[in-house]
Amino acid sequence: MIANYHTHTFRCGHSGDYRDEDFVLAAMEGGLKILGFSDHTPWPYAGDFRHPSVRMDVEVFPEYLASVRKLQERYKEKIKIYVGLECEYFPDYMPWLEHSREQLDYLILGNHWGLSDEHGELYYSKATQPKDVDDYFRYTIEGMQTKLFAYVAHPDHVMSNYPKFDRHCIDGSYALCRKAKELGIPLEYNLLGFEKKEQGKQKGIGFPYPGFWEIAKEIGCVAIIGCDAHHPYQLRNSESAYKTEKFLNKLGIELMDMLPNMEM
Ligand SMILES: [Zn+2]
Ligand SMILES: [Zn+2]
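Throughout what follows, the structure given in this document is the object of discussion. Everything numeric here is computed off the predicted structure, so don't read it as measured data. (Residues numbered from 1 in each chain as written. Chains lettered and ligands numbered in written order. Predicted model: local features only at pLDDT ≥ 70, side-chain atom pairs only at ≥ 80, totals over all residues. Heavy atoms only, no water.)

**Notes on the coordination of the zinc ion (ligand 2)**
Ideal geometry at a metal centre gives angles of 109.5 degrees when four donors are arranged tetrahedrally and 90 or 180 degrees when six donors are arranged octahedrally. Under the convention used in this document: Coordination here is defined by N, O and S atoms within 2.8 Å of the metal (3.2 Å for Na, K and Ca), and since water is not considered, a site can look incomplete. A four-donor site is called tetrahedral if each angle lies between 85 and 135 degrees; a four-donor site is square planar, and a six-donor site octahedral, when trans pairs exceed 155 degrees and the remaining angles lie between 65 and 115; all other cases are labelled irregular. Here a strand is any run of E in DSSP of at least two residues, a helix any run of H or I of at least four, and the numbering for each starts at the N terminus. Only protein chains enter the accessibility calculation, which uses a 1.4 Å probe; a residue is then buried when its area is under 20% of its type maximum, exposed when over 50%, and partly exposed in between.
The protein atoms donating to the zinc ion (ligand 2) are His6 (NE2), His8 (NE2), Glu86 (OE) and Asp228 (OD), with metal-donor distances spanning 2.0 to 2.2 Å. One can describe the donor arrangement at the zinc ion (ligand 2) as irregular, given that its four donor atoms subtend angles of 83 to 172° at the metal. Each donor residue of the zinc ion (ligand 2) belongs to the same chain, and together they define the spacing H-x1-H-x77-E-x141-D. The metal-metal distance between the zinc ion (ligand 2) and the zinc ion (ligand 1) comes to 3.4 Å, with Glu86 coordinating both. One end of the pair, His8, is in the loop between β1 (3-4) and α1 (20-29); the other, Glu86, is in strand β3 (residues 80-87), with 78 residues separating them in the sequence. Taking the relative accessible area as the measure of exposure, Glu86 reaches 1% and is therefore buried.

Structure follows, in structure tokens:
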């Protein structure tokens, strides 16, 4: 792989204590030509709610932007750097996101909670009920329809802890893939999920789930590999990236390396 648009930073509170520059150096060392930073979006919560182990506070956002822009300039002869965010679809805060989008190069849609995370909503890595799966796909599709997002991160994330690929997973997968095809939105094959699954850290059928990707291929979707890097070493071309490319090529799905307008 030569491009990765899914990279976090220390600001989200669950990455290591690395500098942004450490990710740039590791990406170059790993042979990447394009590095996109997409840290977990802050949200301008209406109340006092904070999520210190998930996302930066909204006050930190300008510093994040400035830091990545500085690296973009410093390394421009060596690697193409983009600055973005990984965002849920939280309808209350979409006006803020639309406004903030103007300062960024791109956004990716990563659905981790339902329509908010302020009121004890379920974290989709823990989903076990059919209703959770239905909601996950419905909200992800609603997010895609905003047309704010360059791609859908880990579209099959809800299967992490879910016990089987039942009718809810199948119907949801078809609906999401059809919408991706209709809107021309690539779907991310998530390397972090792949590694966690290989390490037995997902309790359900896990993601990336082959059945989902077979549906994506059948519908004619385009795949893109995302490192979902929380540590610089995840940006080196890894054994998992190699295995993933092999799987996707064998499946015969179209695999995109670079996002349109975000090439080298
Ligand atoms: Zn995510
Ligand atoms: Zn992520």
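Still more ground to cover, so stick around.
**Concerning the coordination of the zinc ion (ligand 1)**
The zinc ion (ligand 1) binds to the protein through Glu86 (OE), His112 (NE2) and His154 (NE2); the donor distances cover 2.1 Å. Site description for the zinc ion (ligand 1): donor spacing in sequence, E-x25-H-x41-H. Exposure remark for His112: the relative accessible area of 5% places this residue in the buried category. On the accessibility criterion, His154 (2% relative accessible area) is buried.

**Thoughts on helix α2 (residues 61-74)**
Keep this limit in mind: Here the expected length of a helix is defined as 1.5 Å per residue gap, with one fewer gap than residues. The reported arc concerns the directions from the helix axis to the C-beta atoms and nothing else. Contacts: residue pairs with any heavy atoms within 4.5 Å of one another.
Look at α2: 20 Å from first C-alpha to last across 14 residues, which is about the 20 Å you get at 1.5 Å a residue. Within α2, burial applies to Phe61, Tyr64, Leu65, Ser67, Val68, Leu71 and Gln72. Down the axis of α2, the buried side of the element spans an arc of 165°, and every buried residue falls inside it. At its buried positions, α2 is contacted by α1, β2 (34-40), β3 and α3 (94-101).

**A short note on the packing of aromatic side chains**
Where two aromatic rings form a pair, the distance of their centres and the angle of their planes describe that pair. Here is the rule: Here a Phe, Tyr or Trp ring, Trp counted by its six-membered ring, pairs with any other such ring whose centre lies within 6.5 Å, and the pair is stacked when the planes are under 30 degrees apart, edge-to-face when over 60, and tilted otherwise.
Applying the stated criterion to the full structure yields 17 aromatic pairs. Taking the centre distance of 5.0 Å and the plane angle of 35° together, the rings of Trp113 and Tyr123 count as tilted. Of this pair, Trp113 sits in the loop between β4 (106-109) and α4 (130-145) while Tyr123 is found in the loop between β4 and α4, placing the two residues 10 residues apart along the sequence. Taking relative accessible area as the criterion, Trp113 reaches 9% and is therefore assigned buried. Classification of Tyr123 as partly exposed rests on a relative accessible area of 32%. By the ring-pair criterion, three or more aromatic residues cluster together here, those being Trp43, Tyr45, Phe49, Phe61, Phe90, Tyr93 and Trp96.

**Points about the environment of Pro130**
With respect to the helices, strands and loops of the structure, Pro130 is situated in helix α4. With a relative accessible area of 31%, Pro130 lands in the partly exposed category. As for Pro130 and Pro163, which are separated by 33 residues in sequence, their C-alpha atoms are 10.0 Å apart.

**A short note on the packing of helix α6 (residues 191-198) against helix α8 (residues 239-251)**
The condition that has to hold: Convention adopted: a line fitted to C-alpha atoms gives each axis, helices being fitted over their contacting stretch, and angles between N-to-C directions are expressed from 0 to 180 degrees. Roughly parallel here means an angle under 35 degrees, roughly antiparallel means over 145, roughly perpendicular means 65 to 115, and every remaining angle is called oblique.
Close contact between α6 and α8 brings their axes to 10 Å; oriented N to C, the two are set at 100°. Relative to α8, α6 is oriented roughly perpendicular. Residues Leu191, Phe194, Glu195 and Glu198 of α6 touch α8, and the partners they reach there are Ser240, Ala241, Lys243 and Thr244.

**What to know about the packing of helix α5 (residues 167-183) against helix α7 (residues 210-219)**
Under the convention used in this document: By definition, any crossing whose near helix is turned counterclockwise from its far helix by less than a right angle is left-handed, and any crossing with a clockwise turn is right-handed. Under the grouping applied here, Gly and all other residues not named as nonpolar or charged are polar, the nonpolar ones being Ala, Val, Leu, Ile, Met, Phe, Trp, Tyr, Cys and Pro and the charged ones Asp, Glu, Lys and Arg.
α7 packs onto α5 with a crossing angle of 40° between their chain directions and a minimal axis gap of 9 Å. What the angle tells us is that α5 and α7 run oblique. Between α5 and α7 the crossing geometry is right-handed. On α7, the residues touching Ile170, Ser173, Tyr174, Leu176, Cys177, Arg178 and Lys181 of α5 are Phe212, Ile215, Ala216, Glu218 and Ile219. For the contact of α5 with α7, the per-class residue count stands at eight nonpolar, one polar and three charged.

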